[in-house]
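The lines below spell out each chain.
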There are 4 protein chains.
Amino acid sequence: MVGGGRDAFIGAVHRIAARIDDQYELVAGAFSADPEKALASAADLGVARAYTSFADMAAREARRKDGIDAVAIVTPNHMHAPVAMQFLRRGIHVICDKPLTATLPEAKRLAKAAEASGVVFALTHNYTGYPMVRQAKAMVAAGELGEIRVVHVEYLQDWLTEAVTNKQAEWRTDPARSGVGGSTGDIGTHAFNLANFVTGLSLEALAADLSAFVPGRRVDDNGHVLMRFRGGAKGTLMCSQVAPGNENGLRLRVYGSKGGLEWAQEDPNYLWFTPFGQPKRLITRGGAGSGPEAGRVSRVPPGHPEGYLEGFATIYTEAARAIRAAKSGTPLPEGTTFPGLREGLEGVAFVDACARSSARNGAWVGLNL
Amino acid sequence: MVGGGRDAFIGAVHRIAARIDDQYELVAGAFSADPEKALASAADLGVARAYTSFADMAAREARRKDGIDAVAIVTPNHMHAPVAMQFLRRGIHVICDKPLTATLPEAKRLAKAAEASGVVFALTHNYTGYPMVRQAKAMVAAGELGEIRVVHVEYLQDWLTEAVTNKQAEWRTDPARSGVGGSTGDIGTHAFNLANFVTGLSLEALAADLSAFVPGRRVDDNGHVLMRFRGGAKGTLMCSQVAPGNENGLRLRVYGSKGGLEWAQEDPNYLWFTPFGQPKRLITRGGAGSGPEAGRVSRVPPGHPEGYLEGFATIYTEAARAIRAAKSGTPLPEGTTFPGLREGLEGVAFVDACARSSARNGAWVGLNL
Amino acid sequence: MVGGGRDAFIGAVHRIAARIDDQYELVAGAFSADPEKALASAADLGVARAYTSFADMAAREARRKDGIDAVAIVTPNHMHAPVAMQFLRRGIHVICDKPLTATLPEAKRLAKAAEASGVVFALTHNYTGYPMVRQAKAMVAAGELGEIRVVHVEYLQDWLTEAVTNKQAEWRTDPARSGVGGSTGDIGTHAFNLANFVTGLSLEALAADLSAFVPGRRVDDNGHVLMRFRGGAKGTLMCSQVAPGNENGLRLRVYGSKGGLEWAQEDPNYLWFTPFGQPKRLITRGGAGSGPEAGRVSRVPPGHPEGYLEGFATIYTEAARAIRAAKSGTPLPEGTTFPGLREGLEGVAFVDACARSSARNGAWVGLNL
Amino acid sequence: MVGGGRDAFIGAVHRIAARIDDQYELVAGAFSADPEKALASAADLGVARAYTSFADMAAREARRKDGIDAVAIVTPNHMHAPVAMQFLRRGIHVICDKPLTATLPEAKRLAKAAEASGVVFALTHNYTGYPMVRQAKAMVAAGELGEIRVVHVEYLQDWLTEAVTNKQAEWRTDPARSGVGGSTGDIGTHAFNLANFVTGLSLEALAADLSAFVPGRRVDDNGHVLMRFRGGAKGTLMCSQVAPGNENGLRLRVYGSKGGLEWAQEDPNYLWFTPFGQPKRLITRGGAGSGPEAGRVSRVPPGHPEGYLEGFATIYTEAARAIRAAKSGTPLPEGTTFPGLREGLEGVAFVDACARSSARNGAWVGLNL
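Residues numbered from 1 in each chain as written. Chains lettered and ligands numbered in written order. Predicted model: local features only at pLDDT ≥ 70, side-chain atom pairs only at ≥ 80, totals over all residues. Heavy atoms only, no water.

Moving on, we come to helix α12 (residues 341-359) of chain B. All names here are of chain B. Here α12 contains 19 residues, and its C-alpha end-to-end distance of 27 Å stays within 8% of the 27 Å for a straight helix at 1.5 Å per residue. Counting buried residues along α12, 14 of its 19 residues qualify, which places the element largely inside the surrounding structure. Just downstream of α12, asparagine 361 is the residue with a positive phi angle, here 60°. (Helix = DSSP H or I, 4+ residues; strand = E, 2+ residues; numbered from the N terminus. Expected span 1.5 Å × (residues − 1). Buried < 20%, exposed > 50% of the residue type's maximum accessible area, 1.4 Å probe, protein only.)

Below, the structure is given as structure tokens:
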């Protein structure tokens with residue numbers, strides 16, 4: 001693991017996620033750019049192979065016989081690319097937090113290099129690990145909604161309603177570390193990825209109106225985006241970090257010519273499905289109407305809620321399947337699905353497009369892929 | 001009453017709404033453009049003064065000593081103006097279904113004439129009659145949300161998901177009768193009015209992307225609108241008649257620097273309020289936290305739900321207060337609030353602006369008032 | 001109307017309910033036992049035939065050619081019987097608030113007299129007027145739940161959590177006026193009636209544990225009841241006026257060998273139905289899956305909520321159908337359904353049985369009918 | 001681990017729960033009474049020290065220098081006691097699935113032996129590991145509800161609505177293996193434990209009406225229980241395995257003189273709190289109003305749902321704290337809370353009391369402790 005030392009948030013999440021299905025063991029880490037903190041964090045975690053530099057870690061792990069198979073990158077966004085490059089060029093598989101990078105050119109370079117290297121590259125758009133998100137994707141793919149016409153996705157939070165100065169807020173509102181997008185980069189990318197994942201649609205153009213409501217904020221903290229997809233579907237995307245009463249309000253609604261779906265991250269075990277002209281149905285994870293795509297990423301029976309960590313764990317476990325296949329030269333097990341470079345590129349391109357459109361007063365722009 | 005004969009939907013709603021608080025008696029009507037149906041409808045309703053022409057009705061009622069005080073206009077949209085003109089120029093007060101008219105020039109002419117006439121003119125944007133909508137407005141006005149930053153309003157239905165040919169669908173999807181807007185005119189105007197009513201904000205510009213998803217449909221059945229308000233707030237408005245699983249999904253969310261509010265028409269007795277940094281609170285109609293603005297338009301204790309008809313009745317009763325004040329030359333009772341010409345003009349201008357923006361590929365346009 | 005003067009609660013509800021479907025006109029009243037208040041209330045309401053004594057009213061109305069067809073009795077419980085007797089023995093139809101009487105012997109006498117008189121006698125167990133309650137009853141009757149096994153019904157409020165002294169609380173906690181039951185009589189009877197109405201089951205025995213939690217309270221404010229029905233079904237009934245966070249939490253759940261139903265009074269337009277082995281379905285009033293029994297007592301389209309007053313109005317309108325049939329000697333229109341003497345007797349017998357069982361430490365007792 | 005081999009449900013849950021907080025390593029197991037299955041299961045799990053007999057495992061692990069610190073017992077109920085005895089008399093700590101044993105005498109013997117041994121004994125009443133359950137307990141203890149008056153707890157499922165014959169259903173409906181209680185033992189004990197945990201109340205007496213609705217079923221599949229607590233509070237407990245539409249509907253409601261709380265297992269991150277006379281508040285895990293007792297057992301920020309496995313993990317982690325303290329002779333870290341022998345005894349006594357009361361037609365009986 002690179003990053004994720006004391007005071008970090010997402011590193012601990014990755015560690016639990018990696019443990020849940022017993023597919024990973026944490027054996028080495030460069031947990032902080034601050035050497036003292038790096039070593040202290042390793043001691044906290046009982047990790048013997050503690051490094052103070054990620055480059056050093058990559059080099060030395062690559063040389064060990066029992067060196068790591070994969071690295072988890074959980075640094076601020078601007079460090080994703082430099083760190084990943086060190087590992088992938090040595091053939092070490094990469095599991096990287098989102099967004100892929102802080103800038104689009106960087107994302108393109110990284111994607112190119114990663115593809116050339118042949119390593120498995122998983123990007124933790126973790127919401128695609130929720131069983132009912134898999135279920136939704138399967139239902140759309142099976143045509144149960146007919147032709148998709150309208151997609152509404154939103155991710156609303158309130159933690160940046162006022163100016164704050166904790167570690168999380170600090171780097172996430174600093175364009176040098178987070179990239180050009182504030183709310184668009186931090187959560188808008190998740191929303192965009194979720195909509196793409198479930199619908200399978202491809203964006204044609206978007207028109208964005210971004211705002212920084214809190215005085216002094218240097219990145220957007222609220223975004224409203226109109227979307228047009230190839231084939232004629234339309235959509236909206238809203239992201240906000242200044243919407244009081246919302247914690248992690250990621251919500252997706254998809255409407256087609258034959259039915260509609262609704263899903264909300266905060267109540268992830270429920271999927272609402274309305275075949276047009278019939279009563280709304282509540283499909284629960286593992287319950288009646290929940291199919292094999294949800295089942296293969298579930299751990300407990302219906303009515304026993306699985307949560308955020310389990311969905312996150314699924315991304316890790318899917319990646320483990322790919323890594324194992326890569327190591328053994330066997331084909332990827334059927335159904336294995338996890339976000340990677342393409343989703344990463346699209347996410348950074350989405351942030352870039354939002355910024356370009358907003359700068360041009362909401363003009364329609366395409367993804368610069 | 002003009003319109004509202006056999007097979008009509010909204011006429012019956014108006015009649016019940018008028019009765020609930022015992023402020024009106026239905027004594028005359030031109031219930032249909034079809035003379036036979038007009039008379040049969042009057043007989044059904046036990047209304048003695050049955051007319052086969054609204055012009056005739058206006059003329060003759062104006063001459064009677066016991067002539068009507070007010071007329072309810074519940075015809076298709078394109079007839080609102082011609083009918084209203086007949087009555088208001090004779091000093092008969094008008095309660096008119098929304099939107100005000102089918103076209104903007106017509107709306108302007110009607111508004112001018114109505115103002116000149118001095119009659120009371122109530123437009124049944126009935127959702128503003130819900131007690132918790134009044135409560136929300138009061139809380140925004142009292143500063144409980146701080147400065148408003150973001151407004152999300154939506155009105156989603158599914159009844160036009162497929163091509164349909166009943167009477168309701170027929171005229172509502174015929175531009176000659178409904179006006180240029182389909183979903184924007186029929187329900188978008190309600191959403192727009194609700195957002196304005198609660199926030200007190202004034203629209204600066206909008207950018208719209210309208211669609212007609214169902215083959216052969218001549219008016220929009222889905223609309224996505226970005227909004228900018230004077231003073232810096234931003235918003236989105238979504239309206240759809242092709243969103244399976246939605247019956248009358250009118251939902252408002254308002255976020256400010258100090259708190260957030262959420263309300264949904266289908267569960268109208270609940271208002272969700274989150275003062276930033278405190279737990280979300282469920283304010284129920286008449287319950288703790290529900291103030292006098294909601295109380296003065298409530299009829300039953302908390303926990304006994306009031307619904308659509310009661311909210312509609314409130315518009316009628318507020319209008320009755322105004323009519324009584326007008327007749328007696330006394331001041332309007334404090335707190336009396338109902339939508340009228342201004343709201344009507346804004347609604348038609350909203351539809352017009354959506355159409356203009358959408359025709360120009362989502363360019364920002366203002367209301368042409 | 002007898003009772004329902006200034007300060008009363010339920011009288012105003014009855015008046016609105018009677019107006020909604022335009023089946024009644026309020027022309028006479030003895031609105032209070034206090035003559036001054038009786039007259040003042042009549043003046044408030046614009047009712048010309050104002051009486052200061054209900055006996056006088058009954059006598060004089062019976063003699064008028066244009067005398068009232070029916071009387072609404074909205075007094076405290078102990079007055080229901082004496083008032084009703086005056087009217088029904090003169091052939092005036094009766095619409096009476098629940099419970100039927102304050103004591104069981106009184107209820108039996110009244111029932112006998114009413115039956116002998118041949119008048120229509122409607123008891124306003126208004127919750128049976130909700131369309132989705134009708135829908136639930138129809139589904140049970142049609143066998144969609146299979147054989148009923150378990151019934152859970154509850155009615156929880158919190159308004160008597162502390163000792164209170166307003167007019168409503170005063171008579172409702174005075175055994176001389178409300179009868180032996182506090183919460184059991186005031187709301188437990190509603191819950192019991194609702195369970196019977198929907199399931200069609202007949203109680204065999206109950207075991208009750210009643211409490212008066214608030215110091216000084218002379219009637220129960222909380223009751224827990226086990227129920228056994230003829231045919232083997234079991235159930236529970238909970239009623240409380242001391243459950244903070246509950247306004248009018250009347251909730252019914254019915255489970256059978258083939259499916260389950262859930263309904264809650266505070267969200268009355270929704271009925272949850274789970275056919276065993278299939279996803280839970282949300283049946284909305286008038287929406288898909290909602291049948292003719294709900295439709296015939298609905299006024300507005302799905303998604304436009306109907307509430308408490310509309311359900312109450314349905315009882316009035318059903319009674320009007322019966323009164324009209326009685327007057328004209330025609331048969332009752334098909335489907336007409338409203339609670340009457342039998343339901344009234346069962347309700348008072350339920351309160352009596354609860355009190356007897358609780359006094360005997362929760363022994364099983366039957367209804368003393 | 002003893003039990004939990006192929007086809008078992010709860011063993012896998014225990015294994016994930018043990019891993020989540022990285023406090024345990026699975027190194028040995030007797031995973032089945034069937035030797036072949038025991039070894040195959042060990043191979044599946046990559047566990048080297050595979051035993052075919054739990055007695056053998058206890059003996060040999062106790063002799064190893066690197067022998068296990070603790071054993072997880074996840075067998076059918078009737079085997080809990082014999083297995084636990086083998087380990088605890090050798091000083092190996094025990095984490096045991098609930099209920100403690102299949103019979104009350106057995107429970108008493110086991111409790112006595114375990115206490116004498118001095119080992120840590122944790123019983124996985126996992127629902128007490130949910131953060132918002134901890135929050136509820138803390139609020140009751142802090143007096144935020146005032147004096148507790150009424151407790152409603154229920155655990156409704158539907159999986160045994162029809163006769164089924166899978167492995168889970170088989171032993172859970174066989175009195176020889178599950179004990180005298182069917183639904184009472186399997187889920188009623190959870191409900192009873194939850195009520196006790198949150199309220200801190202002590203049962204004085206209960207009256208139960210148990211049923212076996214499905215023909216041929218040898219244990220109860222539905223139970224209705226009235227409860228009286230020491231100090232005057234009253235309660236109800238409902239458990240059912242034949243309530244269609246319920247998956248794991250464990251729900252607790254507590255009402256006191258100053259406020260009320262509601263919590264549901266299927267939406268575990270929400271706690272509803274109503275201080276009497278104020279609006280209902282939604283307290284979310286980690287959000288505003290959520291205190292340190294919830295915080296110390298939380299892993300991710302508010303709005304990112306934690307679920308069943310995390311709550312289960314908390315029991316494991318709390319037990320780890322106790323085991324570590326026991327091994328090191330240090331005091332138990334402050335706040336450490338997990339169910340053990342007392343809760344186990346009470347649970348088995350609860351099932352026993354329900355059976356005795358029901359056999360005596362619902363007579364009031366105490367716990368035979």
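Further notes follow.
By a simple turn and slide, chain B fits onto chain A: the slide is 0.0 Å along the axis, the RMSD is 0.0 Å, and the turn is 180°. Expressed as an axis order, the relation between the two copies is that of a two-fold axis. (Least-squares fit on C-alpha atoms with pLDDT ≥ 70 in both.)

Moving on, we get to the UniProt feature "domain: GFO/IDH/MocA-like oxidoreductase" (unreviewed entry) in chain A. Within the UniProt annotation, "domain: GFO/IDH/MocA-like oxidoreductase" (unreviewed entry) is assigned to residues 133-262 of chain A. Each end of residues 133-262 of chain A is marked by a C-alpha atom, and these two atoms are 10 Å apart; helix forms 28% of the span and strand 35%. (UniProt positions renumbered as here; feature names shortened; annotations may be inferred.)

This brings us to the state of the cysteines. Disulfide: a covalent bond connecting the sulfur atoms of a pair of cysteines. Residues and elements named next belong to chain A. Tallying each qualifying case throughout the model produces zero disulfides over all chains. With no disulfide of its own, cysteine 239 lies 6.9 Å from the sulfur of cysteine 354, the closest cysteine sulfur. Overall, cysteine 239 belongs to the buried group, its relative accessible area being 1%. (Disulfide = S-S within 2.5 Å.)

The interface is formed by nine residues belonging to chain C together with nine residues belonging to chain A. Interface area for chain C against chain A, summed over the two sides, is near 700 Å², with a carbon-plus-sulfur share of 75%. Area buried by chain C at its contact with chain A is led by Pro279(C), Leu282(C) and Ala288(C), which between them contribute 56% of it. Here chain C and chain A share zero salt bridges between them. At the boundary of chain C with chain A, the tally comes to two residue pairs in polar contact (both at pLDDT 80 or more). Examining the composition of the side of chain C that touches chain A, we find that three residues originate from one element, strand β14 (residues 280-284) of chain C, more than from any other. Taken together, the residues of the side of chain C that touches chain A break down into four nonpolar, three polar and two charged. In this sheet, β14(C) lies alongside strand β14 (residues 280-284) of chain A in antiparallel orientation, the contact comprising three bridges. Bridge pairing in β14(C) places Lys280(A) opposite Leu282(C). (Contact = heavy atoms within 4.5 Å. Buried area = accessible area lost by both parts, 1.4 Å probe. Salt bridge = Lys/Arg side-chain N within 4 Å of Asp/Glu carboxyl O. Polar contact = N/O pair within 3.5 Å; in protein donor to acceptor, adjacent residues only side chain to side chain. Nonpolar A, V, L, I, M, F, W, Y, C, P; charged D, E, K, R; others polar. Pairing = 2+ DSSP bridges.)

For the rest of this paragraph, the subject is unusual backbone geometry. In this structure, Pro99(B) follows Lys98(B) across a cis peptide bond, with omega equal to -10°. Its place among the elements puts Pro99(B) in the loop between β5 (93-96) and α5 (104-117). A positive phi is found at Asp7(A), a non-glycine position, where the angle reads about 80°. For Asp22(C), which is not glycine, the phi dihedral falls at a positive 60°. Tracing the chain through its elements places Asp22(C) in the loop between α1 (10-20) and β2 (28-29).

What follows covers the relation of the copies chain C and chain A. Note on the identical chains: chain C maps onto chain A by a rotation of 180° and an axial translation of 0.0 Å, with an RMSD of 0.0 Å. Comparing interface residues between copies, 100% of those in chain C also sit at the interface in chain A, which points to an isologous, same-surface contact.

All names here are of chain A. Here chain A is described as being made up of domain 1 (2-119) and domain 2 (129-299 + 344-359). Averaged C-alpha coordinates put domain 1 and domain 2 at centres separated by 27 Å. The interface is formed by 19 residues belonging to domain 1 together with 19 residues belonging to domain 2. Roughly 1,400 Å² of surface becomes buried between domain 1 and domain 2 when both sides are summed, with 65% attributable to carbon and sulfur atoms. Across the contact surface, domain 1 and domain 2 share two salt bridges. Measuring nitrogen to oxygen at the nearest pair gives 2.7 Å for the salt bridge that ties arginine 299 to aspartate 21. Remark: the boundary between domain 1 and domain 2 carries five residue pairs in polar contact (both at pLDDT 80 or more). (Domains from an automatic or database assignment.)

A few words now on the sheet that holds β5(B). Residues and elements named next belong to chain B. Spatially, the four strands line up as an open sheet ordered β1-β4-β5-β6, and their pairing is parallel. Two strands bound the open sheet, and with one partner strand each, they are β1 (2-3) and β6 (121-123). Bridge analysis of strand β4 (residues 70-74) against β5 gives four bridges, and the strand direction is parallel. Residue pairing for β5: alanine 70 is matched across the bridge by histidine 93.

Residue and element names in this part refer to chain B. Packing of helix α1 (residues 10-20) against helix α11 (residues 308-328) leaves a shortest axis separation of 8 Å and a crossing angle of 70°. With respect to each other, α1 and α11 are oriented roughly perpendicular. The crossing of α1 and α11 is right-handed. Counted together, Ile10, Val13, His14, Ile16, Ala17, Ala18 and Ile20 of α1 and Tyr308, Leu309, Glu310, Phe312, Ala313 and Tyr316 of α11 form the full contact between these two elements. Its residues assigned to classes, the contact of α1 with α11 comprises eleven nonpolar, one polar and one charged. (Axes fitted to C-alpha atoms, helices over the stretch in contact; angles between N-to-C directions. Parallel < 35°, antiparallel > 145°, perpendicular 65-115°, else oblique. Left-handed = near helix turned anticlockwise from the far one by under 90°.)

Okay, helix α11 (residues 308-328) of chain D next. Residues and elements named next belong to chain D. Given a rise of 1.5 Å per residue, 21 residues ought to cover 30 Å, and the 30 Å separating the end C-alpha atoms of α11 matches this to within 8%. α11 sits mainly inside the fold: 16 of its 21 residues count as buried. With its phi angle positive at about 70°, glycine 329 sits one or two positions after the end of α11.

With 42 residues of chain B at the interface, the matching set in chain A holds 42 residues. Connecting chain B to chain A are six salt bridges. Between Asp209(A) and Arg228(B) there is a salt bridge; the shortest N-O distance is 3.2 Å. Summed over the shared surface of chain B and chain A, the result is 18 residue pairs in polar contact (both at pLDDT 80 or more). Sorting the residues of the side of chain B that touches chain A by element identifies β7 (148-156), β8 (203-211), β9 (222-229), β10 (234-240), β11 (249-256) and β12 (259-264) of chain B as the ones contributing at least two each. Among the elements that take part in the side of chain B that touches chain A, β7(B) stands out by supplying five residues, more than any other.

To continue, consider the environment of Ala30(A). Residues and elements named next belong to chain A. Along the chain, alanine 30 turns up in the loop between β2 (28-29) and α2 (35-45). Overall, alanine 30 belongs to the buried group, its relative accessible area being 4%. Distance in space between the C-alpha atoms of alanine 30 and threonine 52 is 5.4 Å, their sequence separation being 22 residues. Once residues within four sequence positions are removed from consideration, alanine 30 is found in contact with Met1, Val2, Gly3, Tyr51, Ser53, Phe54 and Met57.

In total, this model carries 108 salt bridges over all chains according to the counting rule given. Here Arg177(A) makes a salt bridge to Glu170(A), at a shortest N to O gap of 3.7 Å. With a closest N to O distance of 2.5 Å, Glu154(B) and Arg253(A) form a salt bridge. Highlighted residues: Glu154(B) in strand β7 and Arg253(A) in strand β11 (residues 249-256), drawn from two different chains. Judged by relative accessible area, which is 5%, Glu154(B) ranks as buried.

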